[in-house]
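A structural walkthrough
The primary structure of each chain is shown beneath.
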Amino acid sequence: MAKELKKTKPSIANAPAAAAGKVPKKGDAMVAQESGSRNAPIINIGIDRQDRAAIAEGLSRVLADTYTLYLTTHNFHWNVTGPHFNSLHAMFMTQYTELWTATDVLAERIRALGHYAPGSYAEFSKISTVPDVPQTPPKAMEMVRILVKGHETVSRIAREFIPVAEEAGDDPTADMLTARCTVHDQTAWMLRSLLED
């Protein structure tokens, strides 16, 4: 009698190309270092170690972009001028507050996956796709254009990693990234509306 083959969950390495754990990296920089010690139990949450590493690396990219966008938005809150000062100053505060909160959620998910969250300008600059804030504050509507592009960039980067998390069975991360895309898409739409005639 032939032995019945045991079915196993496909790993990221055998997944389709879009979700194959191929983590898009900026300049091949990786920052999500694995944490832990001999005194702590091995992480056993139903996600393979290599899958957790790929997801943590993706979340690190989203964290770096979110933090960079947070800093840009806060800078614009401080430096906006012109006839729309009051409305933009208040809008930017609402937006940077939301982004600040999101950085904590992203970093804590990286930690829950057993990796250290990046948290320095040096690390963020290696992996961020969102450009740094301009040194000279732009005019108010140029600030809005920059933020539209920033939110769209973070949404695109987050979407790249949803299939990686889904393929690994990491529903909490996939759901979190989906929620982040919703926020960024809506914020980009609201900002873009200010630029329409």
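Our structure is the block above this text.
Everything in this summary refers to the structure shown in the same document. (Residues numbered from 1 in each chain as written. Predicted model: local features only at pLDDT ≥ 70, side-chain atom pairs only at ≥ 80, totals over all residues. Heavy atoms only, no water.)

Some points on the overall build of the protein
Helix and strand counts for the protein come out as 5 helices and 0 strands. Going from N to C terminus, the protein has its helices and strands arranged as α-α-α-α-α. Within the protein, the fraction of its 197 residues that count as buried is 44%. For the protein, the proportion of contacts with a sequence separation of at least 24, taken over those separated by at least 6, is 83%. Carbon and sulfur atoms make up 55% of the accessible area of the protein, which totals about 11400 Å². (Helix = DSSP H or I, 4+ residues; strand = E, 2+ residues; numbered from the N terminus. Buried < 20%, exposed > 50% of the residue type's maximum accessible area, 1.4 Å probe, protein only. Contact = heavy atoms within 4.5 Å. Areas by Shrake-Rupley, 256 points an atom, 1.4 Å probe, with all protein chains shown as cover.)

Observations regarding the pattern of salt bridges
Pairing between side chains becomes possible if they bear opposite charge and their charged atoms approach one another. Taken as a whole and assessed by the stated rule, the structure comprises 5 salt bridges. Across the pair E142 and R145 runs a salt bridge whose closest N-O atoms are separated by 3.7 Å. Of this pair, E142 and R145 both sit in helix 4 (residues 140-167), 3 residues apart, which is roughly one turn of the helix. A relative accessible area of 40% places R145 in the partly exposed class. (Salt bridge = Lys/Arg side-chain N within 4 Å of Asp/Glu carboxyl O.)

Observations regarding the side chain of R61
The residue R61 is located in helix 1 (residues 49-79) in this model. Here R61 occupies a buried position and makes no salt bridge, while the nearest side chain of opposite charge, D65, is found at 4.8 Å. (Lys, Arg positive; Asp, Glu negative; His and termini not counted.)

Remarks on the packing of aromatic side chains
Scanning all chains against the criterion turns up 7 aromatic pairs. On the basis of an interplanar angle of 35° and a centroid distance of 5.2 Å, the ring pair of Y67 and F124 is categorised as tilted. Taken as a pair, Y67 in helix 1 and F124 in helix 3 (residues 121-127) lie far apart in primary sequence, 57 residues in all. The class for Y67 is buried, based on a relative accessible area of 19%. Between Y70 and Y96, the ring centres sit 6.2 Å apart and the planes meet at 70°, which makes this aromatic pair edge-to-face. (Phe/Tyr/Trp six-rings, centres within 6.5 Å; stacked < 30°, edge-to-face > 60°.)

Focus: helix 2 (residues 85-112)
The first and last C-alpha atoms of helix 2 sit 41 Å apart over 28 residues, in line with the 40 Å expected at 1.5 Å per residue. Looking only at helix 2, the buried set comprises L88, F92, Q95, Y96, L99, A102, T103, L106, A107, R109 and I110. Looking at the buried side of helix 2, the elements it contacts are helix 1, helix 4 and helix 5 (171-195). Among the residues trailing helix 2, G114 stands out with phi positive, at a value near 90°. (Expected span 1.5 Å × (residues − 1).)

Let's talk about the layout of surface pockets
Considered as a void within the structure, the second largest pocket measures approximately 170 Å³ in volume. Forming the walls of the second largest pocket are 12 residues, and the residues nearest its centre are T68, Y121, F124, S125 and D132. Secondary structure elements with two or more residues in the lining of the second largest pocket: helix 1 and helix 3. Sort the elements by how many residues they give to the lining of the second largest pocket and helix 1 lands first, with 4 residues. In terms of residue class, the lining of the second largest pocket is built from 6 nonpolar, 4 polar and 2 charged. (1 Å grid on protein atoms, 1.4 Å probe; cavity = no way out; pocket = protein on both sides within 12 Å on 5 of 7 lines; lining within 4 Å. Points joined across faces, edges and corners; volume = space filled by probe spheres on them. Nonpolar A, V, L, I, M, F, W, Y, C, P; charged D, E, K, R; others polar.)

Quick word on the environment of A107
One can find A107 in helix 2. Overall, the relative accessible area of 17% leaves A107 in the buried class. For A107 and S60, which are 47 residues apart along the polypeptide, the C-alpha to C-alpha distance reads 7.6 Å. Ignoring anything within four residues of it in the chain, the contact list for A107 reads L63 and A117.

Comments concerning the nonpolar core
Counting residues in each nonpolar core, the largest one holds 43 residues, and the members touching the most others are I55, L59, V62, F92 and L177. Of all the elements in the fold, those that place two or more residues in this core are helix 1, helix 2, helix 3, helix 4 and helix 5. Element by element, the count of residues in this core is highest for helix 4, at 12 residues. Apart from residues no more than four positions distant in its own chain, L59 is found in contact with L106, R109, I110, L113, T173, M176 and L177. (Core = buried A, V, L, I, M, F, W, Y, C linked by side-chain atoms within 4.5 Å.)

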